[in-house]
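Listed here are the chains, written in short residue letters.
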Amino acid sequence: MTLGVLRLSRHAAALSVASAAVFIAMTALEFFYFRRLSGGLSSLDMRVAGFTPDEGMAWLTALGRRGGEIIIVWHYLTFDLLFPALLSLTLVSLIVAFGRRFGNFRAMPAQLQALTALALVLPYTIADYAQNFAVARLLSDFQSANPDSLAFASSLIVTKFALLAIPVLIVAVFALAAQRRL
């Protein structure tokens, strides 16, 4: 496992391009298709600060059963099934790639380098998939949605973005520090 994680750094650029391409496709679907299905309302997992149960119910109601099914198929069973894993691999690869430019990180045993990168990224990955499951569940049976299930989904969305900020900030700090060293 350690060797596989450390080898990811060789593919950081390709993983970054792939992640960006999937993100652009997901964003295009959101703005050009999903918002039309919901009468202009943004998808729940685009709401970084979360949403109230009333806002969540308004989105589900605006979509209706057909719109919910379309989003499940075209978002949660395709792009958002792939994206959290792809982004996580990208972040791990970037942490290792940029981290190895610094003596302290490079001096750590290889297993500790891999575990550090994984520990920084894995909480986001788990939160993203949990959030995807929660929202897909709401979409598949929106009539059983209640304030508690909507509040839970909202808290998972906020948690996902908060946990994503950690590895992104670390990558940014490593990249800026590496840039200054050049």
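Residues numbered from 1 in each chain as written. Predicted model: local features only at pLDDT ≥ 70, side-chain atom pairs only at ≥ 80, totals over all residues. Heavy atoms only, no water.

### Examining the overall build of the chain
Consideration 1: When you go through the chain residue by residue, the secondary structure sums to six helices and zero strands.
Consideration 2: When the helices and strands of the chain are placed in sequence order, the string is α-α-α-α-α-α.
Consideration 3: Seen along its three principal axes, the alpha-carbon backbone of the chain occupies a region of about 55 × 30 × 30 Å.
Consideration 4: Expressed as a percentage of its 182 residues, the buried residues of the chain come to 43%.
Consideration 5: When contacts within the chain are restricted to residue pairs at least 6 apart in sequence, long-range pairs at least 24 apart make up 79% of them.
Consideration 6: On the chain, the mean spot of the 14 positive side-chain charges and the mean spot of the 9 negative ones are 19 Å from each other. (Helix = DSSP H or I, 4+ residues; strand = E, 2+ residues; numbered from the N terminus. Buried < 20%, exposed > 50% of the residue type's maximum accessible area, 1.4 Å probe, protein only. Contact = heavy atoms within 4.5 Å. Lys, Arg positive; Asp, Glu negative; His and termini not counted. Charge placed at Lys NZ, Arg CZ, Asp CG, Glu CD.)

### Thoughts on the packing of aromatic side chains
Consideration 1: Evaluated as defined, the whole model comprises four aromatic pairs.
Consideration 2: With centroids separated by 5.9 Å and ring planes inclined at 40 degrees, the aromatic side chains of Y33 and F34 adopt a geometry described as tilted.
Consideration 3: Measuring from ring centre to ring centre gives 6.2 Å for F105 and F174, while their planes differ by 70 degrees; the resulting arrangement is edge-to-face. Placement of F105 in helix α4 (residues 103–107) and of F174 in helix α6 (residues 147–181) is noted, with a sequence separation of 69 residues between them.
Consideration 4: Aromatic rings pair up to connect F102, F105 and F174 into one cluster. (Phe/Tyr/Trp six-rings, centres within 6.5 Å; stacked < 30°, edge-to-face > 60°.)

### Section: helix α3 (residues 53–99)
An α-helical segment advances 3.6 residues per turn. Residues three or four places apart therefore align on the same side.
Consideration 1: When the terminal C-alpha atoms of α3 are compared, their 41 Å separation across 47 residues is substantially less than the 69 Å that a helix rising 1.5 Å per residue should span.
Consideration 2: Of all the bends in α3, the largest measures some 100 degrees and sits at G64. (Expected span 1.5 Å × (residues − 1). Bend = angle between axes of the 7 residues up to and from the residue.)

### Focus: the environment of S16
Consideration 1: Following the sequence through the fold, S16 ends up in helix α2 (residues 12–37).
Consideration 2: Sequence separation between S16 and A127 is 111 residues; the distance between their C-alpha atoms is 21 Å.
Consideration 3: Setting aside chain neighbours within four positions, we find S16 in contact with T90 and L94.

### So, the nonpolar core
Consideration 1: The biggest cluster of nonpolar side chains holds 25 residues, and the ones touching the most others in it are F83, L87, L91, V92, I95, F98 and V171.
Consideration 2: For this core, the secondary structure elements donating two or more residues are α1 (2–7), α2, α3, α5 (110–140) and α6.
Consideration 3: Of the residues forming this core, the biggest block, nine residues, is contributed by α3.
Consideration 4: Counting residues in hydrophobic clusters, the runner-up holds 21 residues, among them I71, A136, L150 and A153. (Core = buried A, V, L, I, M, F, W, Y, C linked by side-chain atoms within 4.5 Å.)

### Considerations on the side chain of S43
Consideration 1: Relative to the helices and strands, S43 is located in the loop between α2 and α3.
Consideration 2: For S43, a relative accessible area of 4% puts it in the buried group.

### What about the pattern of salt bridges?
Consideration 1: Considering all chains together, one arrives at one salt bridge under this definition.
Consideration 2: Across the pair R35 and E30 runs a salt bridge whose closest N-O atoms are separated by 2.8 Å.
Consideration 3: On the basis of relative accessible area, E30 is assigned to the buried category, the value being 2%. (Salt bridge = Lys/Arg side-chain N within 4 Å of Asp/Glu carboxyl O.)

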